2 protein chains.
Amino acid sequence: MKVQVLTDVLKANQTIALGSKKVFDEKRILVLNFMSSPGAGKTLILERTVEKLKKDFNFAVIEGDVATSKDAERLARYDIPVVQITTESFGGACHLDANMVKKAMESLDLSGVQILFIENIGNLICPAGFDLGEDKKIIVLSLTEGEDKPSKYPVAFRNSDLLLINKIDLLPHLDINLELLLQNAKKVNPELSSIKLSAKSGEGFKNWIDWLVKEYYLKSKKRSPKRK
Amino acid sequence: MKVQVLTDVLKANQTIALGSKKVFDEKRILVLNFMSSPGAGKTLILERTVEKLKKDFNFAVIEGDVATSKDAERLARYDIPVVQITTESFGGACHLDANMVKKAMESLDLSGVQILFIENIGNLICPAGFDLGEDKKIIVLSLTEGEDKPSKYPVAFRNSDLLLINKIDLLPHLDINLELLLQNAKKVNPELSSIKLSAKSGEGFKNWIDWLVKEYYLKSKKRSPKRK
């Protein structure tokens, strides 16, 4: 019975997500859904990315948090459209769902936007099953979290397209086997690409920027979907 | 309607938790429920604690994970009773509930046990609302997660009795304002005690051990609850 309810919820979510995806595709907006544990560095990665590419691309951001609008405020400083969703009003939900994103889209001016970042709630479990209409799911893992995370939180890693291993500047100070971490990630998702970077030091950041720009051009070159 | 369902679930959970608490109290077992983000270092803290106090106390552990029994295996090496709960079979639930713990207790020999650790699922949101029959809730935060976490995940901090700030050995390598982190924690929970430590370097660990031993003696000296 509990499982049936969950299936229904996911099915309803999927329908709304597909509707949003259609809107994003028509407008040729690349939409990326960022997932991670709390404090893995999603917001700082987004800040640095917008800083670097602001002259070349029009960004918008949907921010998800249980409480506070701290992250939205950090991104709004870059003078880009930002909407904050706080799930406190949704019973403290541990993930964004397609309906929340759809509502956020209503208060977001998407005209001219080329890249939309959706920063999900800091949580490695709940967000993984809920599509939001994005093109790609990106999982951010702080190097400090340890090499066993892909095995222990398999769904998030399995459903993601790209793994960003952040805080690589801390490598000399940690007991971590980076090779084993990558192996564990490949074990749950052989298709998962990965990039090591530090949003703080800038190390490896160029690889992420290259990935992002390439994905944008792949999306923008796609034939316009047929309008019904 | 959604809120009503949640209220019913929490009410049912509370009833089971109170039943477990009665069993723990009768046996004078100190029960601690550990919550944190993924990779904050809960398991290593437990390993070091058992190592240090194994001669003086009888421990048992209930391990919660979505998938794998890696953490249970790490703790079983200390030759103490350990039970693993994986929530994959509960639809990938993002927290332990009182019923799961009650079931785990059935396969755990509690005779002679003095301290029971319950390591919750790595998640700063879902576990906070579910009592498991514990005496105290302990929130572990890795210093790398940033100073804003108490504001962004207020319920977990509000419901906890002790904050362990782990990975303090990384302080020289991080842009973090520790004072602000503690202020933010006090803002959501003025009663919250905190201890800074590193399970890796051992720094500050004595304060945690002292806290634990004191709590054990407070519990063991409590008058036996009246049996019905």
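Model, not experiment: these values are computed from the prediction.

1. Some details on the packing of aromatic side chains
For any pair of aromatic rings, the description consists of the separation of the ring centres together with the inter-plane angle of the planes.
Then comes step 1: Tallying each qualifying case throughout the model produces 16 aromatic pairs over all chains.
Then comes step 2: Note on W208(B) and W211(B): the rings are 5.8 Å apart at their centroids and 20° apart in plane angle, and the pair reads as stacked. With W208(B) and W211(B) both in helix α8 (residues 205–221), this residue pair falls three residues apart, about one helical turn.
Then comes step 3: Linked through ring pairs, F34(A), F57(A), F59(A), F117(A), W208(A), W211(A), Y216(A) and Y217(A) together constitute an aromatic cluster.

2. Focus: the relation of the copies chain A and chain B
Then comes step 1: With an RMSD of 0.0 Å, the fit of chain A onto chain B corresponds to turning through 180° and sliding 0.0 Å along the axis. The transformation relating the two chain copies, once decomposed into turn and shift, fits a two-fold axis.
Then comes step 2: Residue by residue, 100% of the interface of chain A is reproduced at the interface of chain B, so both copies engage with the same surface.

3. Considering the pairing of strand β3 (residues 82–86) of chain B
Residue and element names in this part refer to chain B.
Then comes step 1: Residues V83 and I85 line the buried face of β3, whereas the alternating positions V82, Q84 and T86 sit on a face that is not buried.
Then comes step 2: Examined bridge by bridge, strand β2 (residues 59–65) and β3 share five bridges and lie parallel to one another. Each bridged residue has a counterpart across the sheet, and for E63 the counterpart in β3 is Q84.
Then comes step 3: Crossover connection from β2 via helix α3 (residues 70–76) to parallel β3: handedness right-handed.

4. Focus on the confidence of the model for chain A
In low-pLDDT regions, the fine details of the predicted coordinates are not to be read closely.
Then comes step 1: Summing up the model confidence of chain A, the mean pLDDT is 94 and the portion of residues at 70 or higher is 96%.
Then comes step 2: Across the predicted assembly, pTM comes out at 0.93 and ipTM at 0.90.

5. A closer look at the state of the cysteines
All names here are of chain A.
Then comes step 1: Counted by the stated rule, this structure contains two disulfides over all chains.
Then comes step 2: Across the disulfide from C94 sits C126; the S-S distance is 2.3 Å. An S-S torsion of about -100° defines the bridge between C94 and C126 as left-handed. Of this pair, C94 sits in the loop between β3 (82–86) and α4 (98–106) while C126 sits in the loop between β4 (115–122) and β5 (136–142); the two residues are 32 residues apart in sequence, bridging distant segments of the chain.

6. Thoughts on the packing of helix α2 (residues 42–53) of chain B against α8(B)
Two packed helices can be described by the angle between their axes and the distance between those axes.
All names here are of chain B.
Then comes step 1: Two numbers describe how α2 lies on α8: the axes approach to 11 Å, and their chain directions differ by 70°. When the interaxial angle is binned, α2 and α8 end up roughly perpendicular. Of the two possible hands of crossing, α2 and α8 adopt the one that is right-handed. When α2 is examined against α8, the residues I45, R48, T49, K52 and L53 are found in contact with a partner set consisting of F205, W208, I209, L212 and V213.
Then comes step 2: Broken down by class, the residue content of the contact of α2 with α8 amounts to seven nonpolar, one polar and two charged.

7. Comments concerning the interface of chain A and chain B
Then comes step 1: The interface of chain A with chain B comprises 33 residues on the first partner and 34 residues on the second.
Then comes step 2: Around 2,700 Å² of area is buried between chain A and chain B when both sides are counted, 57% of it from carbon and sulfur atoms.
Then comes step 3: Viewed at the interface, chain B and chain A are joined by four salt bridges.
Then comes step 4: Linking chain A with chain B are 13 residue pairs in polar contact (both at pLDDT 80 or more), by the criterion used here.
Then comes step 5: Mapped onto the side of chain A that touches chain B, the elements with two or more residues apiece are α3 (70–76), β4 and α5 (149–152) of chain A.

8. Description of the side chain of S142(A)
Then comes step 1: Looking at the secondary structure, you find S142(A) in strand β5.
Then comes step 2: At a separation of 2.6 Å, a polar atom in the side chain of S142(A) contacts the side chain of T144(A).

The rules we used
- Residues numbered from 1 in each chain as written.
- Chains lettered and ligands numbered in written order.
- Predicted model: local features only at pLDDT ≥ 70, side-chain atom pairs only at ≥ 80, totals over all residues.
- Heavy atoms only, no water.
- Phe/Tyr/Trp six-rings, centres within 6.5 Å; stacked < 30°, edge-to-face > 60°.
- Helix = DSSP H or I, 4+ residues; strand = E, 2+ residues; numbered from the N terminus.
- Least-squares fit on C-alpha atoms with pLDDT ≥ 70 in both.
- Contact = heavy atoms within 4.5 Å.
- Buried < 20%, exposed > 50% of the residue type's maximum accessible area, 1.4 Å probe, protein only.
- Pairing = 2+ DSSP bridges.
- Right-handed = clockwise from strand over helix to strand, strands pointing away.
- pLDDT = per-residue confidence, 0-100.
- Disulfide = S-S within 2.5 Å.
- Axes fitted to C-alpha atoms, helices over the stretch in contact; angles between N-to-C directions.
- Parallel < 35°, antiparallel > 145°, perpendicular 65-115°, else oblique.
- Left-handed = near helix turned anticlockwise from the far one by under 90°.
- Nonpolar A, V, L, I, M, F, W, Y, C, P; charged D, E, K, R; others polar.
- Buried area = accessible area lost by both parts, 1.4 Å probe.
- Salt bridge = Lys/Arg side-chain N within 4 Å of Asp/Glu carboxyl O.
- Polar contact = N/O pair within 3.5 Å; in protein donor to acceptor, adjacent residues only side chain to side chain.

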